Structure formats: C-alpha cells, structure tokens
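# An overview of the molecular structure
The primary structure of each chain is shown beneath.
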Amino acid sequence: MAPFRRSSLLPLWLLLTASCAAAAMPPTKVSERLVMPPTPGYVALTESVNPNGSRVMQMVPTHQSAQNWTDMLSIHQVLDPSGQVPAPRQFLAPIEAGWLKACPGSTSTWLREGEEDGHRFALLMLTCPNNPATGKPEHAWLKGLQGAYSHYVVQKAFRYVPQREQTLEWMAWLRGTGLCRPRADGQCQTSVSATPAR
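Residues numbered from 1 in each chain as written. Predicted model: local features only at pLDDT ≥ 70, side-chain atom pairs only at ≥ 80, totals over all residues. Heavy atoms only, no water.

The next subject is the packing of aromatic side chains. Under the counting rule described, the total for this entry stands at four aromatic pairs. When the ring of Trp141 is compared with that of Phe158, the centres are 5.1 Å apart and the planes differ by 70°; the resulting orientation is edge-to-face. Of this pair, Trp141 sits in strand 7 (residues 136–146) while Phe158 sits in strand 8 (residues 150–158), and the two are 17 residues apart along the sequence. The exposure class of Phe158 is buried, given its relative accessible area of 0%. Taking 5.4 Å as the distance between ring centres and 75° as the angle between the ring planes, the aromatic pair formed by Phe158 and Tyr160 counts as edge-to-face. Looking at Tyr160, the relative accessible area reads 21%, which means it is partly exposed. Ring pairing ties together the aromatic residues Tyr42, Trp170 and Trp173, which thus form one cluster. Lys156 extends its terminal NZ or CZ atom over the ring of Phe158, reaching a point 3.8 Å from the ring centre. (Phe/Tyr/Trp six-rings, centres within 6.5 Å; stacked < 30°, edge-to-face > 60°. Helix = DSSP H or I, 4+ residues; strand = E, 2+ residues; numbered from the N terminus. Buried < 20%, exposed > 50% of the residue type's maximum accessible area, 1.4 Å probe, protein only. Lys NZ or Arg CZ within 6 Å of the ring centre and 35° of its normal.)

Quick look at the structure:
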C-alpha cells in the first residue's frame, strides 16, 4: 500500500495494525474498560467495529470534518484472543516504523513506559515536518496500553506544531487515560509506576 493514500499518516498505520487482529474474541476472564478524561468540544467522526470485535473511533472538534481537520483523537482496540497480548512498545513499533518510512525527515521519541493501574503502557511521540498529501506538518502522541485480551492505542494528532500550552494540556489528558480493572466495589486500583523511556 502506497504511503500517504490517506490525508493523515497515523490512522493509516493504526488501521493496518487493526486489520491483522485475530478472528474471534474469547470468553472474558478479566473485566477491564478504557477510561478517558472528558473531551469537551469533540464529537465522534467515525466509529466502527470489525467482525472480530476490534474497534476504531475517531473524534474531531465540532467545527472540523474528516476532510478538513487540524486536531484529531483516535481510539483503537485490537483483540488478541490468544491472551498473549504484546507489550505496548512491541505493538507500537510497526506504527513507528511506518511513520518514519512514509514521511521524509520524520522523528520518533519514546517518552515514558511503565505500569498504571496494573496495566503496562508506553507513550510515543511522532513528528512529520511536511506531509506530502496535505503540505502541512503532522504531530502525534500515542499511548499504548496492554489489556488482558486486547491492546489499545489512544492517539492525539495535530496538523500543525502544537504550542507549549497544548502540549501540557494533552500530555495531562493522556496521563489520565488508562485501563480500569474494577475491584469488587467497582472502583479501580490506583497504583502507578512509570519511568522515562530509554
């Protein structure tokens, strides 16, 4: 598949990852759910569930569209019925490689890795100085989360260079995004252990 066939780099590579998911969902042994802080001003642009149960949702601010957006949130859940869900860095690596190959002069930086609420995570930053399909820069932050039978990728993409205030705001938002494995009382455990990625 030729690079830049879509107007955004990142959804292309994530959807390629999602298309490789296995065909069936096993009985759920561990209850878990993806929790995110509120996203005021954002609306769902697309939401789809593949026959295998893998899910993709994309969100943009209310005044933007699929053809004309500058900010996008994407949430991807990819099922792995084997229960051998790869580590976040492992399943984000092909996305990183695809991005670097597709965009001349692009960069990638692994920001953090560790555990939150008993689930492994990794945070990756990708930059593209000029997307040939749009003539605009493209920046994205991806948070990968390892669940019991799924891996999750939450990404924030910009078609411009984000300012410091936006960086702080969305990094805080991503820190608040994670997997909840409810206890008997319905509350999530709150252990957090994270270190800068090497």
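What makes a disulfide is a covalent bond joining the sulfur atoms belonging to two cysteines. Counting across every chain of the model gives one disulfide. In this model Cys103 forms its disulfide with Cys128; the gap between the sulfur atoms is 2.0 Å. Because the torsion about its S-S bond is 85°, the bridge between Cys103 and Cys128 counts as right-handed. Of this pair, Cys103 sits in the loop between helix 2 (88–102) and strand 5 (107–116) while Cys128 sits in strand 6 (residues 119–131), and the two are 25 residues apart along the sequence. With respect to burial, Cys103 and Cys128 carry one shared label: buried. (Disulfide = S-S within 2.5 Å.)

An ideal rise of 1.5 Å per residue puts 16 Å on twelve residues; helix 3 (residues 164–175) measures up with 16 Å between its terminal C-alpha atoms. Among the residues making up helix 3, those that are buried are Trp170, Met171, Trp173 and Leu174. All buried residues of helix 3 lie within an arc of 155° about the axis, which places them on one face of the element. Looking at helix 3, the residues exposed on the side facing more than 90 degrees away from the buried face are Arg164, Glu165 and Arg175. Tucked inside the fold, the buried residues of helix 3 contact strand 2 (42–49), strand 4 (71–79), strand 5, strand 6, strand 7 and strand 8. (Expected span 1.5 Å × (residues − 1). Arc of directions from axis to C-beta. Contact = heavy atoms within 4.5 Å.)

Our next topic: helix 2. Along its 15 residues, helix 2 runs 22 Å from first to last C-alpha, staying within 8% of the 21 Å computed at 1.5 Å per residue. The axis of helix 2 is deflected most strongly, by about 25°, at Pro94. Listing the buried residues of helix 2 in full gives Pro88, Phe91, Leu92, Ile95, Glu96, Gly98, Trp99 and Ala102. (Bend = angle between axes of the 7 residues up to and from the residue.)

With that settled, the discussion passes to the pairing of strand 4. Most of strand 4 sits inside the fold, with nine of its nine residues counted as buried. Side-chain alternation along strand 4 places Asp71, Leu73, Ile75, Gln77 and Leu79 on one buried face and Met72, Ser74, His76 and Val78 on a second face that is also buried. Sheet analysis places strand 4 next to strand 8, joined by nine bridges and oriented antiparallel. Among the inter-strand pairings, Leu79 is bridged to a residue of strand 8, identified as Ser150. (Pairing = 2+ DSSP bridges.)

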